[in-house]
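Reading the structure
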Amino acid sequence: MLDELLHRVSHYTPRTLETDRRFPEAAVLVPITRSDEPELVLTLRASGLSTHGGEVAFPGGRRDPEDPDLIFTALREAEEEIGLPPGLVEVIGPLSPLISLHGIKVTPYVGVIPDYVEYRANDAEIAAVFSVPLDFFRQDPREHTHRIDYQGRSWYVPSYRFGGYKIWGLTAIMVVELVNLLYDADISLHHPPKTFIDT
C-alpha cells in the first residue's frame, strides 16, 4: 500500500512557482511513517516564536547559506527541531512550493521514516511532536474553511482538528496536495465546499 503511494509521489511533477528570486527560501519535511496505517508527523511550534508561534507545522525552516540544497535544509531542520536523524529519512520527492505570509518560499519534501522513532523536541522551538493517520485527512473532516485571497485568486483552505491540535494555513494546503496525490481525494482548494459560508 505505502509503496504504491510513494510511487505516486516519486513520479509527481509539482506546480512551479514563478517568483522573484529575492524571496528567502525554506524547506519542510513531510514525514510519513512506514507502517500498515501510515501517519504524518507534525509539530506544534513553541508559543514564544516570532513567526507561526503556537501553530502546527511540519518540521523545517529557512535555508542557511551553507546548505547545499533544500533537501539538506529540510533534513537539517528536522534533526534540530525533533531529533530525527537524517539517515532514517528516505526522501521521495517534493510537493509544490508556496509563499508564506511572511514572504518566504517554502518547498515541502515528502520523506518516509520508520514508525519507531523516539522524537526529542527542541524545547526552544517545538512544544510537541505528534502524528495523524493519513487516512484521517482522506475523509476531509474539516472543522472550518478559511478563504484566503492570494496571488490573484481565492483559496478555500480547510482547517482540521485532531485531538487538541488545529491544522490549517500553509500546512493544511500541503496536506491537501499530498492526500489528493496519494488517494485521488479531489479536495479542492479553489472552490468552496458545500458547507462554506462566506462571513
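Conventions and cut-offs
- Residues numbered from 1 in each chain as written.
- Predicted model: local features only at pLDDT ≥ 70, side-chain atom pairs only at ≥ 80, totals over all residues.
- Heavy atoms only, no water.
- Helix = DSSP H or I, 4+ residues; strand = E, 2+ residues; numbered from the N terminus.
- Rg over C-alpha atoms; globule rule 2.2 N^0.38 Å.
- Buried < 20%, exposed > 50% of the residue type's maximum accessible area, 1.4 Å probe, protein only.
- Contact = heavy atoms within 4.5 Å.
- Areas by Shrake-Rupley, 256 points an atom, 1.4 Å probe, with all protein chains shown as cover.
- Lys, Arg positive; Asp, Glu negative; His and termini not counted.
- Charge placed at Lys NZ, Arg CZ, Asp CG, Glu CD.
- Pairing = 2+ DSSP bridges.
- Axes fitted to C-alpha atoms, helices over the stretch in contact; angles between N-to-C directions.
- Core = buried A, V, L, I, M, F, W, Y, C linked by side-chain atoms within 4.5 Å.

**Focus on the overall build of the protein**
Regarding its fold elements, the protein presents four helices and 11 strands. Its C-alpha atoms give the protein a radius of gyration of 16 Å, within 12% of the compact-globule value 16 Å for 199 residues. Overall, the C-alpha framework of the protein stretches about 45 × 40 × 35 Å when taken along its three principal axes. When burial is assessed residue by residue, the protein has 47% of its 199 residues classed as buried. Partitioning the contacts of the protein with sequence separation of at least 6, the portion at a separation of at least 24 is 65%. For the protein, the exposed area adds up to about 10,400 Å²; of that, 49% sits on carbon and sulfur atoms. Positive and negative side-chain charges in the protein, numbering 18 and 30 respectively, have mean positions lying 7 Å apart.

**Considering the sheet that holds strand 9 (residues 144-150)**
Read from one edge to the other, the open sheet built from three strands follows the order 9-10-11, with strand pairing classed as antiparallel. Only two strands of the sheet have a single neighbouring strand rather than two, namely strand 9 and strand 11 (165-167). Ignoring which end each strand starts from, the neighbouring axes of this sheet average 25° apart. For strand 9 and strand 10 (residues 153-162), the ladder comprises seven bridges, and the chain directions are antiparallel. The residue of strand 10 that forms the bridge with H146 is V157. Helix-sheet contacts for helix 4 (residues 169-183) involve strand 10 and strand 11, and the interaxial angle to strand 10 is about 90°.

**Focus on the side chain of E77**
Residue placement: E77 occurs in helix 2 (residues 70-82). By relative accessible area, which is 9% here, E77 ends up buried.

**Points about the nonpolar core**
Core analysis: the largest hydrophobic core is formed by 39 residues, its most contacted members being I32, L40, F58, F137, I167, L178 and L182. If you list the elements that add at least two residues to this core, you get helix 1 (2-10), strand 1 (25-34), strand 2 (39-45), strand 7 (105-114), strand 8 (126-133), helix 3 (134-138), strand 10 and helix 4. Broken down by element, the residue count for this core peaks at 10 residues, all from helix 4. Excluding residues that lie within four positions of it along the chain, F137 makes contacts with L40, V132, Y160, I167, V175, V179 and I187. Of all hydrophobic cores here, the second largest spans 13 residues; its members include L70, A74, I82 and V117.

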